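A look at the structure
Spelled out, the chains give:
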Amino acid sequence: MHRITGKAGGDSLIEMSPTDSFNDDINGYHQHVPSSTGSIQQGQSPFPLTPDVCLETCESLNSSLASLAPSDHSDSPKFEEQTLERINTLTGVDKQQQSKDSVFFRDGERRIDFVLSFVDEKDDTKKQERRKVYEANLMKVGLELETEDKSESEDGKTYFVKIHAPWEVLATYADVLKIKVPFKANDIPENNDMPMNWLSTPFRLPEHIMHPEPDYFTAPFSKSKSDFFLIDNKDTFFPPSTRNRIVYYILSRCSYIKDECIDKDKKGIKRLLNNGTYTAAFPLHDSRYWIRSKDVNCESERYNLYKHWARFCCSFKEQPLNLVRKYYGEKIGIYFAWLGFYTEMLIFAAIVGTICFIYGFLTFDDNESSKEICSVEIGGSIVMCPLCDKKCTYWKLNTTCNSSWQSHLFDNVGTVFFAIFMGIWVTLFLEFWKRRQARLEYDWDLVDFEEEQQQLQLRPEYETKCRNRKLNRITQEPEWVLHRTATDLMGKLFLCWATVILWISLIIACIIGVIAYRLAVYASFASIMKDSSTTKLEVVGPYITPQLATSVTASCINFVIIMILNLMYERVAIWITDMEIPKTHLEYENKLTVKMFLFQFVNYYSSCFYVAFFKGKFVGYPGKYAYMFGTWSNLRNEECDPGGCLIELTTQLVIVMTGKQVWGNIQEALVPWLMNWWGSRKARNHPESLYSRWEQDHDLQGFGQLGLFYEYLEMVIQFGFITLFVASFPLAPLLALINNIIEIRVDAWKLTTQYRRPVASKAHSIGAWEEILSGIAVLSVVTNAFIVAFTSDMIPRLVYMYAYNPEDSLNMKGYINNSLSVFNISEIQEPNRPEELPLWFDSSITECRYRDYRYPPGHEKRYTHNMQFWHILAAKLAFIIIMEHVVFLVKFFVAWMIPDVPSDVRARVKRERYLVQEHLHNYEVEKLKIQLSQHGNDECTCTPMIYPSLPTHEVLSECL
């Protein structure tokens with residue numbers, strides 16, 4: 001018997017099969033004729049569906065098919081087309097009059113909640129059977145299907161199965177998923193009286209865009225109490241985002257084999273997509289992004305999002321977060337809320353960082369150290385020891401004049417202030433975000449989401465592996481559990497984390513390789529560039545030094561290695577996380593987040609940690625240099641640039657951070673645009689009116705379950721750059737601010753125009769990323785304190801100014817001479833001596849200088865560290881302790897002063913909970929009175945159940 005209708009009102013199905021031959025006569029259409037004609041639900045049909053009408057229609061259809069289908073032409077395309085036209089005519093659907101750009105079934109009433117696409121391979125009977133069983137099971141659950149034949153698609157190969165969820169299905173699953181719906185208008189007045197509120201007027205959006213829905217008090221939906229909620233129209237009561245979320249929940253758990261109890265593994269749309277049974281599964285956008293839908297029943301929210309959010313001319317406007325949440329769901333809404341808040345907070349950090357940079361620029365003339373280096377009398381008379389073996393020669397200190405001026409831009413008194421400021425800024429950012437998140441949780445009905453929802457969001461991959469049930473101690477109901485032995489668990493954990501450690505070790509090995517490159521090529525650059533024509537260029541010649549060339553090329557190579565390793569490790573991280581079989585989607589993302597962030601942390605930051613804390617710290621001295629792999633390697637440990645290591649850390653940070661941001665934005669915007677442009681090339685040759693809504697979305701890119709994961713990862717890595725190493729580059733927050741202003745619109749643009757509509761999902765916070773941000777915030781205080789103490793020259797200068805200045809005045813005169821130790825040239829060993837000597841070098845020069853604090857030759861403790869070295873080391877350690885304690889005390893005080901939940905939000909939550917209890921009480925009392933009046937009972941001896949528990953629904957049986 002061939003089913004051509006869906007559920008009709010109750011549980012009974014109207015089935016119609018006047019002839020068995022009807023199923024096979026229509027070539028390529030035999031499994032989906034009912035869907036094409038529509039699975040008509042009673043009360044919604046455009047024509048009366050009575051048994052007489054059904055019989056009359058079928059007889060007329062059979063006679064028409066008999067006249068249209070000679071036996072020798074039954075497989076022709078013309079026959080298919082004539083057959084479909086006849087079907088549409090008999091069922092009351094005029095396909096020519098219906099708009100192809102529609103989000104409704106052909107009857108124009110039932111909304112398309114989800115679309116499945118497939119290419120029918122006639123020789124692959126297994127896929128055909130899977131689709132047939134799967135769609136039959138979907139109809140058993142109550143969904144209604146309608147199929148567009150391949151002849152209607154642009155490529156002539158793709159079928160589209162449109163899915164509609166009727167009210168009964170939506171109500172049942174809304175009850176199961178505890179979806180909150182309105183039951184009373186919000187009666188708490190909002191306090192919008194902000195000081196200087198008029199200043200934000202140019203940045204505001206229209207009220208109907210910012211707040212597309214009225215504010216209500218909400219409660220979890222209960223199907224048995226549907227009259228308790230504010231239901232004006234059942235067709236529009238659940239928004240499209242909620243509808244597609246419910247349908248996807250069903251699709252993820254429906255079986256696609258007949259004997260379902262034998263193999264629980266054979267279920268879910270994800271598996272059907274992986275094995276090629278279906279090519280895509282997605283909810284529809286409600287309109288084209290550049291024009292409103294012509295259908296008055298269509299909201300055209302996509303158009304509003306593009307007009308007021310995704311265009312770059314809106315870069316300085318507020319984000320319509322409520323509309324984003326309504327269209328894409330809470331999870332995507334939370335991401336854009338966090339990204340927008342982070343960008344707003346960056347404004348303050350960027351302003352202070354820019355002021356510190358300008359301070360360094362304006363105090364050029366007061367920089368005594370640079371003046372001494374650049375002067376002919378001091379810097380021109382100091383001969384420095386070679387920076388590498390053989391290829392490097394003696395050089396004069398004044399050749400580093402430009403480096404010293406550049407270093408002063410970032411290494412000045414403002415650096416210390418900015419490092420302390422950023423430690424406090426990070427705390428303010430995290431605390432104010434908690435308050436902002438708490439407000440969003442209430443406004444978006446996410447309060448208590450964790451406890452109520454997570455068990456209902458079990459991953460289908462976890463459910464299919466479960467074989468046993470266990471009593472839940474909290475709910476006292478049986479639930480599926482995965483049986484894991486201790487051996488299996490330990491083996492998987494060992495394998496997973498061994499893989500992570502192996503890849504982290506691979507990164508470290510690559511970093512060591514880059515360091516070896518720096519050591520090997522520095523001597524080559526020094527040899528090549530001494531006679532290079534670039535040194536004669538008037539403007540840039542003085543800036544092109546062996547140190548700069550080595551640092552820039554090594555940073556670029558390191559950036560390329562980072563990008564390559566990222567691509568490889570993504571697959572590895574997903575593979576090992578899948579192998580752990582996490583229970584919920586939240587647990588899955590948290591596990592993947594930890595693995596990916598650990599890898600990315602080492603991948604992106606290791607080179608910066610090397611330059612900040614290791615380069616130039618273990619060099620030795622001219623008589624006894626330190627080598628990376630021993631003296632046999634001839635790779636002498638790298639010394640800092642004569643202007644200091646801080647300028648090299650700045651160079652490394654700028655290249656890696658800026659390169660990642662530029663490459664990321666290009667990749668995010670250009671790649672999906674090019675793929676969509678290429679994929680829709682056939683459709684561009686046809687009139688726009690024939691390009692259906694489902695085909696338009698089918699030609700777009702899929703956003704993917706981990707789409708937001710990579711967006712968060714990108715921003716958190718950037719957050720690490722502007723906090724962990726910000727003492728070396730005060731302009732980092734400004735670069736991040738500019739990038740994020742662009743990033744918000746790029747993400748909005750690609751989500752609105754280049755990607756299919758993602759399945760809406762809920763999330764009450766940014767998840768594990770919040771803990772990672774807190775960890776980075778704590779670590780940033782330590783790293784910045786160490787950068788100021790050990791990488792910057794700030795502490796040695798202060799020690800000299802207050803303890804070793806011979807003039808007993810607070811100035812830096814004589815600091816350069818004091819900071820350089822002396823070595824006797826005659827004592828330089830043969831392997832370290834330069835092959836060539838400069839023209840100005842003569843026999844009168846007997847000593848060279850190097851950066852360190854050691855006793856001079858002739859002293860009884862020659863070439864050992866002097867007392868000033870130990871005084872400076874003690875001052876550095878004292879500075880680290882003092883700075884950390886001051887910043888942490890301020891952080892804890894600020895965190896204590898700022899409550900995580902605003903007082904007005906706390907009051908609203910209490911008010912809503914009170915109203916839920918009060919209204920449920922009144923509802924049950926009124927319901928009881930009505931029951932008593934109907935039965936004519938004067939007394940009731942039973943205790944009324946005022947607060948009944950919500951019924952437990954077994955939506956899908958164990959077999960389905």
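Preceding this paragraph is the structure being described.
Since the model is a prediction, treat every value here as computed from it, not as a measurement.

Our next topic: the environment of Ala789. Counting through the fold element by element, Ala789 comes out in helix H26 (residues 768-791). A residue is classified by how much of its surface remains accessible, and Ala789, at 0% relative accessible area, is buried. When the C-alpha positions of Ala789 and Lys876 are compared, they lie 5.0 Å apart, and in sequence the two are 87 residues distant. For Ala789, the contacting residues outside a window of four places in its chain are Ile795, Lys876, Phe879 and Ile880.

So, on to unusual backbone geometry. Positive phi outside glycine occurs at Ser300, with the angle close to 55°. Secondary-structure assignment places Ser300 in the loop between strand E6 (280-282) and helix H11 (301-310). Of the residues examined, Ser300 reaches a relative accessible area of 2% and is grouped as buried. Positive phi, normally seen in glycine, also occurs at Tyr863, with a value near 65°. As for its placement among the helices and strands, Tyr863 is situated in the loop between strand E14 (847-851) and helix H29 (867-897). Residue classification places Tyr863 among the buried residues on the basis of a relative accessible area of 6%.

Residues Val662, Ile666, Leu670, Trp673, Leu674, Trp677 and Trp678 make up a contiguous nonpolar surface patch of about 710 Å² in total accessible area. Relative to the elements of secondary structure, Leu674 occurs in helix H22 (residues 645-679). Residue class for Leu674 comes out partly exposed when judged on its relative accessible area of 41%.

Let us look at the pattern of salt bridges. Scanning the entire structure with this criterion turns up 34 salt bridges. Across the pair Arg439 and Asp904 runs a salt bridge whose closest N-O atoms are separated by 2.8 Å. Remark: Asp904 occurs in helix H30 (residues 903-935) and Arg439 occurs in helix H16 (residues 413-443); sequence separation between them is 465 residues. Judged by its relative accessible area of 29%, Arg439 is partly exposed. By relative accessible area, which is 33% here, Asp904 ends up partly exposed. Between Glu711 and Lys750 there is a salt bridge whose closest N-O contact spans 2.5 Å. Here the residue Glu711 occupies a position in helix H24 (residues 707-724), and Lys750 occupies one in helix H25 (residues 732-754), the gap between them amounting to 39 residues. In this structure, Glu711 and Lys750 share a single accessibility class: buried. Residues participating in the shared-partner salt-bridge network are Arg106, Glu146, Glu148 and Lys162.

In this section: the sheet that holds strand E2 (residues 144-148). If you trace the 4 strands from one edge of the open sheet to the other, you get E2-E3-E1-E6, paired in antiparallel fashion. Edge strands, defined here as strands with exactly one partner in the open sheet, are E2 and E6. Strand-to-strand twist in this sheet, taken as the mean axis angle between neighbours without regard to direction, amounts to 20°. Examined bridge by bridge, strand E1 (residues 114-119) and E6 share 3 bridges and lie antiparallel to one another. Within the sheet, the bridge partner assigned to Val115 lies in E6 and is Phe282. Across the sheet, helix H5 (residues 125-141) lies against E1, E2 and strand E3 (158-164), angled at about 165° from E1, the strand it touches most. Those strands touched by helix H9 (residues 240-251) are E1 and E3, and its axis lies near 45° from that of E1.

For H5, built from 17 residues, the straight-helix expectation of 24 Å at 1.5 Å per residue is met to within 8% by its first-to-last C-alpha distance of 24 Å. When we look at burial in H5, the residues that qualify are Lys127, Gln128, Arg130, Arg131, Val133, Tyr134, Glu135, Asn137, Leu138, Met139 and Val141. Here the buried face of H5 lies against E1, E2, E3, helix H6 (167-176), H9 and helix H10 (269-274). One or two residues past the end of H5 sits Gly142, with phi positive at roughly 125°.

Counting 141 residues, the largest nonpolar core has Trp338, Tyr342, Trp425, Phe429 and Phe721 as the members making the most contacts within it. Looking at which element gives the most residues to this core, the answer is helix H13 (residues 330-362), with 15 residues. In this structure, Phe429 is in contact with Trp338, Phe341, Tyr342, Met345, Phe719 and Leu773, ignoring residues within four places of it in sequence. By size, the runner-up hydrophobic cluster in this structure holds 48 residues, among which are Val169, Ala219, Val447 and Val905.

Now for the state of the cysteines. Inspection of the entire model under this criterion finds 3 disulfides. A sulfur-sulfur distance of 1.9 Å marks the disulfide that ties Cys385 to Cys848. Here the S-S torsion is close to 85°, and the disulfide linking Cys385 with Cys848 is therefore right-handed. In this pair, Cys385 sits in the loop between strand E7 (383-384) and strand E8 (395-396) while Cys848 sits in strand E14, placing the two residues 463 residues apart along the sequence. Owing to a relative accessible area of 4%, Cys385 belongs among the buried residues under this scheme. For Cys848, a relative accessible area of 0% gives the class buried. Left unpaired, Cys313 is separated from the closest cysteine sulfur, that of Cys314, by 4.1 Å. Cys313 sits in the exposed class, given a relative accessible area of 60%.

Criteria and thresholds
Residues numbered from 1 in each chain as written. Predicted model: local features only at pLDDT ≥ 70, side-chain atom pairs only at ≥ 80, totals over all residues. Heavy atoms only, no water. Helix = DSSP H or I, 4+ residues; strand = E, 2+ residues; numbered from the N terminus. Buried < 20%, exposed > 50% of the residue type's maximum accessible area, 1.4 Å probe, protein only. Contact = heavy atoms within 4.5 Å. Patch = residues over 30% accessible without salt bridge, like charges linked within 9 Å, V, L, I, M, F, W, Y side chains within 5 Å. Areas by Shrake-Rupley, 256 points an atom, 1.4 Å probe, with all protein chains shown as cover. Salt bridge = Lys/Arg side-chain N within 4 Å of Asp/Glu carboxyl O. Pairing = 2+ DSSP bridges. Axes fitted to C-alpha atoms, helices over the stretch in contact; angles between N-to-C directions. Expected span 1.5 Å × (residues − 1). Core = buried A, V, L, I, M, F, W, Y, C linked by side-chain atoms within 4.5 Å. Disulfide = S-S within 2.5 Å.

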